[in-house]
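Per-entry structural report
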Amino acid sequence: MTLHIPTPLIESRPLSLAAGSNIWLKLDALQPCGSFKLRGVGHACEVHHARGVRQFISSSGGNAGLAVAYAGRKLGVPVTVVVPETTTERAKELLRLESAKVVVHGSSWQEANTLAQTLVGQGDAFIHPFDDPLLWAGHASLVDEVAEAGLKPDAVVLSVGGGGLLCGVVEGLQRNGWGDVPVLAVETTGAASLHAALQAGHPVELERIDSVATSLGAKRVADQALACAARHPVHSHVVSDRAALEACERFLLDHRVLVEPACGAALALTYDAVALAGYRNVLVVVCGGATATLAQIHAWLAVAE
Ligand SMILES: *Cc1c(COP(=O)(O)O)cnc(C)c1O
């Protein structure tokens, strides 16, 4: 038994018609804590649990923290999540619903993370949101499930924040002998850290994040994401916040599932027929995200660029 669940793989009629390709949705929005993060985080937590750790510590007020909180509750391991003051009430409430101890500290993630590091005592495990081989190995299970279902896609569309999902999906493609299947890696304009690094040809740290897709807000991607892009076909795409938000709204109407703008970024590329021209069967990772409300998405849309 794993902490994550095998998720449905469905062919989307509305997205297929919009894209002009057969669009297959891997519905990781249906993971019990609302995002794909549980695959990698759950795997990492199980490995640490087997080693007998006393506590899990996270510094993510988003879906990574939620996945750690869920995993800890299921495994009977206490969880502390340090979040910055900017974290929404809703995100804190979701963490508390999973019985995590929530510590609010600092005006930015950097400060929260610094405190979180000092709390990691002997016998505790810090669970990183994207930069850890244990996470990638867990995320790779998503591709195993697609292979088991008998579908070999001609391309995979996914969103990129720190690049953990990208690393995991590339690992999954490679371990299933699908080294020839390209990955279309999507970011929003104000959070395009992978795009910047690929353009520069070396790791780049963005000065700031300016996007409603908060779950994509890593200023610098994991070095492994660049290594993946060097040994696997990875094509970087950037969409506007507005396109990501409109895709969230449209996806809610089409499939009755509410996702964060972070996931809307991948969906925005999929709704765009031009981007997918030439690919017959396209797998879209519906990575999900639990922290956005419909009211918030509408409020963002009212002012989005
Ligand atoms: C974390 C997250 C991402 C980005 O994943 P990375 O591994 O950081 O690239 C995308 N969408 C959602 C909903 C997320 O929670």
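Scoring rules and cut-offs
- Residues numbered from 1 in each chain as written.
- Predicted model: local features only at pLDDT ≥ 70, side-chain atom pairs only at ≥ 80, totals over all residues.
- Heavy atoms only, no water.
- UniProt positions renumbered as here; feature names shortened; annotations may be inferred.
- Axes fitted to C-alpha atoms, helices over the stretch in contact; angles between N-to-C directions.
- Helix = DSSP H or I, 4+ residues; strand = E, 2+ residues; numbered from the N terminus.
- Parallel < 35°, antiparallel > 145°, perpendicular 65-115°, else oblique.
- Left-handed = near helix turned anticlockwise from the far one by under 90°.
- Contact = heavy atoms within 4.5 Å.
- Nonpolar A, V, L, I, M, F, W, Y, C, P; charged D, E, K, R; others polar.
- Pairing = 2+ DSSP bridges.

Looking at an unreviewed UniProt entry, the protein chain carries the name L-serine ammonia-lyase, with the source organism given as Pseudomonas oryzicola. Its UniProt record, at the heading Cofactor (unreviewed entry), says of the protein chain: "pyridoxal 5'-phosphate". As stated in UniProt under Catalytic activity (unreviewed entry), the record for the protein chain gives "L-serine = pyruvate + NH4(+)".

A few points about the packing of helix 7 (residues 141-148) against helix 8 (residues 164-175)
Where helix 7 meets helix 8, the closest approach of the two axes is 7 Å, and the angle between their N-to-C directions is 40 degrees. Classified by the angle their axes make, helix 7 and helix 8 are oblique. Between helix 7 and helix 8 lies a crossing of right-handed hand. In contact with S141, V143 and D144 of helix 7, helix 8 contributes V169, G172, L173 and R175. In terms of residue class, the contact of helix 7 with helix 8 is built from three nonpolar, two polar and two charged.

Focus on the sheet that holds strand 7 (residues 155-159)
Taken in spatial order, the six strands of this open sheet run 1-2-10-7-8-9, and their pairing is mixed. In this open sheet, the two edge strands, each paired with only one partner strand, are strand 1 (9-12) and strand 9 (234-239). The average angle at which neighbouring strand axes cross in this sheet is 25 degrees, direction not considered. When strand 8 (residues 183-188) meets strand 9, the two strands line up parallel, connected through six bridges. Bridging across to strand 9, T188 finds its partner in V239. Helix 7 rests against strand 1, strand 2 (22-26) and strand 10 (281-285) of the sheet, and its axis sits at about 130 degrees to strand 2.

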